[in-house]
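Chain and residue survey
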Amino acid sequence: MESLKEKTARGLLWGSLSNGIQQLLNVVIGIFLGRLLDTSDWGMVGMITIFTAIGACLQEGGFIAALNKRKDATHRDFNAVFWTSMCIGVGFYAIMFFCAPLISAFYKEPALTPLTRFICLSFVISSLSTAPRAWLFRNMMVRETSIMTITSLAISGVVAVAMAFSGMAYWGIATQNIVYILLITLLSYYFSGWRPSLKIDFRPVREMIGFSSRLIITNMVNIVNTNFFSVILGRFYTKCDVGNYTQANKWNTMGSSLISNVIYGIAQPVFTKVEEDRERQKAVLRKLLRFTAFITFPLMLGLALVAKEFIVILITEKWLVSAGIMQLLCIAGAFIPISFLFSNLVISRGHSKAYMWTSVAQCVAGMVVALAASPFGIHVMVTAFVVVTILWTYVWLRLAQREVSITFSEFVRDISPYLLLSAVLCLIAHFACGGIGNLYLRFAVKVVAVAIPYVGVLWLLGSTILRESATFLLHRKIT
């Protein structure tokens, strides 16, 4: 039997490898789609993203986390979740089918009616995969989940690019989503080996609904918080404005989700396994906190540093406006995985109500400051939103303190070496490389000027996280 430490380390390794490959695929696919499509195409999909995201949230129902939290979950529990999720998925698709003309009227864009009805088919398909994905998650089958996700992403990306190349515009992006979810569903059954039965008993769902319902509300609030700008820009600005924001947010999300997805794959299961030992749970939290800071700060601040070169090189100057928005979002993105880690601790302790109300408060605060700043333009709106996101990290820390008594000074000690070093190196690179005229050379020099000193300084300072990561990669097989 593997120890919890070994299983966690292997999960982190596979999660990091998987997410790295996924983001590489996303970059390649994004380059082709960014060059083949224009801002209005991305704007069309961006305007209805909030509705599809809410539908996916309702369909999943918070049951994956609820099943993970449930002690000794049986086939009866998973089967109840399967049928409940399917009913919700079909029901919400029916609602969106008839509401599609209203969405078109709101944005004053008739073409959104058929597009909405097509994209929302994903609710029905995805509802079939909730139970087997929960089984994979509960059993920390990170390798299988990685293979499943990478395969689905690669195939759906090829479909999207082929359709865009054929002149089908935003329909390629929409079809990519459908194909991706269809493959995820099929492969989740293959890897989990779990199958539903016709012996239906909804009593387990009634027992989980108190916990899961609060997760649903919270996830919906987070979705509104994430897609709020697309709605406002789509209603009061133009499709091109929505497209620029969608493109900037897409690249930012790729970066921040790289570490957030790794944390999601192992944090809740690990926290749950050691929940009876508060001291051990605190030690796990601080270790994961240092690992998160070690990765996220150089990654996201570095992405902000090279945003303009990154955008122009990959998807041409027609998207240059989105680079400025991307820089701001990346600064907030550097703190999102840390808040995400704290929120996972809160959920693992069963405090979904605290998680819900904290997320609601953050969403309201972000919306209020963004609306207040809206008369001053998109960049001011995004800046206000970024400030709220960073400050709210402290609120999540306060919740974590209630669970495992982590102090503010411990928090600062855990993240400050990585934050300060990353910020200083990025500032030096920004001013030192400003005079380099060649776009490609400037991009390469900036990356090297941050990456090599970052690793070198941490190695000389004897960083435990760096040395443990290097040791694990060099001396362990990925099995």
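The preceding data block contains the structure.
All of these numbers come straight from a predicted model, not from anything done at the bench. (Residues numbered from 1 in each chain as written. Predicted model: local features only at pLDDT ≥ 70, side-chain atom pairs only at ≥ 80, totals over all residues. Heavy atoms only, no water.)

Turning to the overall build of the protein, a few remarks are in order. Each helix and strand in the protein was counted, giving 20 helices and 0 strands. Within the protein, the fraction of its 479 residues that count as buried is 55%. Partitioning the intrachain contacts of the protein with sequence separation of at least 6 by distance along the chain shows that 84% fall at a separation of at least 24. Per element, the accessible surface of the protein, about 20400 Å² overall, is 70% carbon and sulfur. (Helix = DSSP H or I, 4+ residues; strand = E, 2+ residues; numbered from the N terminus. Buried < 20%, exposed > 50% of the residue type's maximum accessible area, 1.4 Å probe, protein only. Contact = heavy atoms within 4.5 Å. Areas by Shrake-Rupley, 256 points an atom, 1.4 Å probe, with all protein chains shown as cover.)

All right, on to the pattern of salt bridges then. Pairs may arise between side chains of opposite charge once their charged atoms sit close together. Within the structure shown, the criterion is met by 8 salt bridges. For the salt bridge of Asp 201 with Arg 76, the shortest nitrogen-to-oxygen distance reads 3.0 Å. Of this pair, Asp 201 sits in the loop between helix H9 (170-192) and helix H10 (203-236) while Arg 76 sits in helix H4 (residues 75-107), placing them 125 residues apart in sequence. Taking the relative accessible area as the measure of exposure, Asp 201 reaches 18% and is therefore buried. In this structure Arg 76 comes out as partly exposed when scored by relative accessible area, which is 38%. In this structure, Arg 286 and Asp 414 form a salt bridge, with 2.8 Å as the shortest nitrogen-oxygen distance. (Salt bridge = Lys/Arg side-chain N within 4 Å of Asp/Glu carboxyl O.)

Note: most peptide bonds trans; most residues except glycine with negative phi. For Lys 108, which is not glycine, the phi dihedral falls at a positive 60°. What makes Lys 108 exposed here is its relative accessible area of 64%. At Ser 405, a residue that is not glycine, the phi angle is positive and equals roughly 60°. Topologically, Ser 405 is positioned in the loop between helix H17 (378-404) and helix H18 (408-432).

Another aspect to go through is the side chain of Lys 282. Assignment of secondary structure puts Lys 282 in helix H12 (residues 278-305). Polar contacts involving the side chain of Lys 282 include one to the side chain of Glu 410, which spans 3.2 Å. Ignoring any residue separated from it by four or fewer positions in sequence, one finds Lys 282 in contact with Val 404, Ser 405, Ile 406 and Glu 410. (Polar contact = N/O pair within 3.5 Å; in protein donor to acceptor, adjacent residues only side chain to side chain.)

Each α-helix winds once per 3.6 residues, and so residues spaced three or four apart point in a common direction. Relative to the 34 Å expected for 24 residues at 1.5 Å per residue, helix H8 (residues 142-165) spans 34 Å between its end C-alpha atoms, a close match to the ideal helical length. Count one or two residues on from H8 and you reach Gly 167, which has phi positive near 90°. (Expected span 1.5 Å × (residues − 1).)

Another point: the packing of helix H5 (residues 112-119) against H9. Two elements in contact, H5 and H9, have axes separated by 9 Å at closest approach and are oriented at 20°. In this view, H5 runs roughly parallel relative to H9, as classed from their interaxial angle. The crossing of H5 and H9 is right-handed. Where H5 approaches H9, its residues Pro 114, Leu 115, Phe 118 and Ile 119 are matched on the opposing element by Tyr 170, Trp 171, Ala 174, Thr 175, Asn 177 and Ile 178. Looking at the contact of H5 with H9, its residues break down into 8 nonpolar, 2 polar and no charged. (Axes fitted to C-alpha atoms, helices over the stretch in contact; angles between N-to-C directions. Parallel < 35°, antiparallel > 145°, perpendicular 65-115°, else oblique. Left-handed = near helix turned anticlockwise from the far one by under 90°. Nonpolar A, V, L, I, M, F, W, Y, C, P; charged D, E, K, R; others polar.)

In this section: the nonpolar core. Within the largest apolar cluster, 97 residues are counted, with the highest numbers of intra-cluster contacts made by Leu 285, Met 326 and Phe 342. By residue number, the principal contributor to this core is H12, which donates 13 residues. Met 326 has contacts with Ala 248, Trp 251, Leu 303, Ala 307, Phe 310 and Ile 311, leaving out every residue within four places of it along the chain. With 17 residues, the next largest nonpolar core counts Phe 78, Ala 131, Tyr 189 and Val 205 among its residues. (Core = buried A, V, L, I, M, F, W, Y, C linked by side-chain atoms within 4.5 Å.)

Attention now moves to H9. The terminal C-alpha atoms of H9, which comprises 23 residues, lie 34 Å apart, in line with the 33 Å expected from a rise of 1.5 Å per residue. Downstream of H9 by one or two residues, Gly 193 has phi in the positive range, about 75°.

On to the packing of aromatic side chains. What the rule picks out here adds up to 18 aromatic pairs. Ring geometry for Phe 82 versus Trp 194: centroids 6.1 Å apart, planes at 50°, classification tilted. Placement of the pair is Phe 82 in helix H4 and Trp 194 in the loop between H9 and H10, with a sequence separation of 112 residues. (Phe/Tyr/Trp six-rings, centres within 6.5 Å; stacked < 30°, edge-to-face > 60°.)

Empty pockets left among the atoms are what a rolling probe the size of a water molecule brings to light. Looking at the second largest pocket, its volume works out to about 310 Å³. Ala 304, Leu 305, Gln 327, Cys 426 and His 430 are, among the 16 residues lining the second largest pocket, the residues nearest its centre. Secondary structure elements with two or more residues in the lining of the second largest pocket: H12, helix H13 (307-315), helix H14 (320-333), H18 and helix H19 (439-460). Tallied by class, residues from the lining of the second largest pocket come to 9 nonpolar, 3 polar and 4 charged. (1 Å grid on protein atoms, 1.4 Å probe; cavity = no way out; pocket = protein on both sides within 12 Å on 5 of 7 lines; lining within 4 Å. Points joined across faces, edges and corners; volume = space filled by probe spheres on them.)

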